[in-house]
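# Summary of the model geometry
Okay, here's what each chain looks like letter by letter:
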Amino acid sequence: MPLIDCPDCGERVSTEAVSCPECGRPIKEYQGVPLLSEQTPHLTSLTSLTSEETKEKYKSHGCMSGIVIVISIVIMYVGFSALQNYTLTGLGVVMFLGGLYWFVINRITIRGNHD
C-alpha cells in the first residue's frame, strides 16, 4: 500500500486510509461516497463573491423587492376600488407584506455586512 503526503499537514498517509491520522483531512472515498470537495466543486465559487458582486446582488434584491411592493399596491387598488374583489385585495396585501419583509431583511443584511 503506497504512501502519499497529506495535502494539509504533509504527514505520510496510506492511500487506503479514510483520513489523515494527524489532521483528520479526508483522503479517500468512504464506502463509496465521494469526498465533499468532489461532490460540490461549484460551492467554492459561491462563497467567494467580491465586495462589488455582493453590493450588486443586494442592490438587485432591493430593486426587486421595491417592484413587488409597487405591483402589490396596484393590485390592492384595483382589487378594492375598481373591482370590489376582496380576494384580489388580499393577494395584494400578502404580496405587499412579502415585499416589505424582503426589503427589510435585505437592508438588515447590508447593514450587517458593513460592520
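Just above, that's the structure.
Since the model is a prediction, treat every value here as computed from it, not as a measurement.

## So, the overall build of the chain
Per the secondary structure count, the chain includes four helices and two strands. Helices (α) and strands (β) of the chain occur, in sequence order from the N terminus, as β-β-α-α-α-α. Residues classed as buried in the chain amount to 17% of the 115 residues present. Within the chain, residue pairs in contact and separated by at least 24 positions form 25% of the contacts whose partners lie at least 6 positions apart. Put simply, the chain shows about 8,500 Å² of open surface, and 64% of that area lies on carbon and sulfur atoms.

## Section: the pattern of salt bridges
Side chains that differ in charge, positive against negative, can pair when their charged atoms come close. Scanning all chains against the criterion turns up two salt bridges. Note that D5 and R12 form a salt bridge whose closest N and O atoms lie 2.9 Å from each other.

## A closer look at helix α3 (residues 51-82)
Owing to its 3.6 residues per turn, the α-helix brings residues three or four apart onto one side. The first and last C-alpha atoms of α3 sit 46 Å apart over 32 residues, in line with the 46 Å expected at 1.5 Å per residue. Of the residues making up α3, those classed as buried are T54, Y58, G62, S65, I69, S72, I75 and G79. Looking one or two residues past α3, Q84 carries a phi angle of roughly 55°, positive in sign.

## A look at the side chain of S72
Relative to the elements of secondary structure, S72 occurs in helix α3. Excluding its chain neighbours within four sequence positions, the residues that come into contact with S72 are G92, M95 and F96.

## Description of the side chain of N106
Relative to the elements of secondary structure, N106 occurs in helix α4 (residues 86-114). Here N106 falls in the buried class, since its relative accessible area comes to 4%. Polar side-chain contacts of N106 include one of 3.0 Å to the backbone oxygen of Y58. Ignoring anything within four residues of it in the chain, the contact list for N106 reads Y58, H61 and G62.

## What to know about the state of the cysteines
A full pass over the atoms with the stated rule returns zero disulfides. C9 provides the cysteine sulfur closest to C20, a residue in no disulfide bond, and the two sulfurs are 3.6 Å apart. C6 provides the cysteine sulfur closest to C23, a residue in no disulfide bond, and the two sulfurs are 3.6 Å apart.

## Quick look at unusual backbone geometry
Backbone geometry at Q84 places phi at a positive 55°, although glycine is not the residue there. By the element assignment, Q84 lies in the loop between α3 and α4.

## Side note on the environment of R25
Checked against the element boundaries, R25 lands in the loop between β2 (12-14) and α1 (36-39). The exposure class of R25 is partly exposed, given its relative accessible area of 28%. For the pair R25 and C6, spaced 19 residues apart in the sequence, the C-alpha separation amounts to 7.7 Å. With residues up to four places along the chain from it excluded, the contact list for R25 reads C6, P7, D8, V18, S19 and C20. At 3.4 Å, the side chain of R25 forms a polar contact with the side chain of D8.

Cut-off values and rules
Residues numbered from 1 in each chain as written. Predicted model: local features only at pLDDT ≥ 70, side-chain atom pairs only at ≥ 80, totals over all residues. Heavy atoms only, no water. Helix = DSSP H or I, 4+ residues; strand = E, 2+ residues; numbered from the N terminus. Buried < 20%, exposed > 50% of the residue type's maximum accessible area, 1.4 Å probe, protein only. Contact = heavy atoms within 4.5 Å. Areas by Shrake-Rupley, 256 points an atom, 1.4 Å probe, with all protein chains shown as cover. Salt bridge = Lys/Arg side-chain N within 4 Å of Asp/Glu carboxyl O. Expected span 1.5 Å × (residues − 1). Polar contact = N/O pair within 3.5 Å; in protein donor to acceptor, adjacent residues only side chain to side chain. Disulfide = S-S within 2.5 Å.

Worth remembering: the numbers are spatial, not functional.
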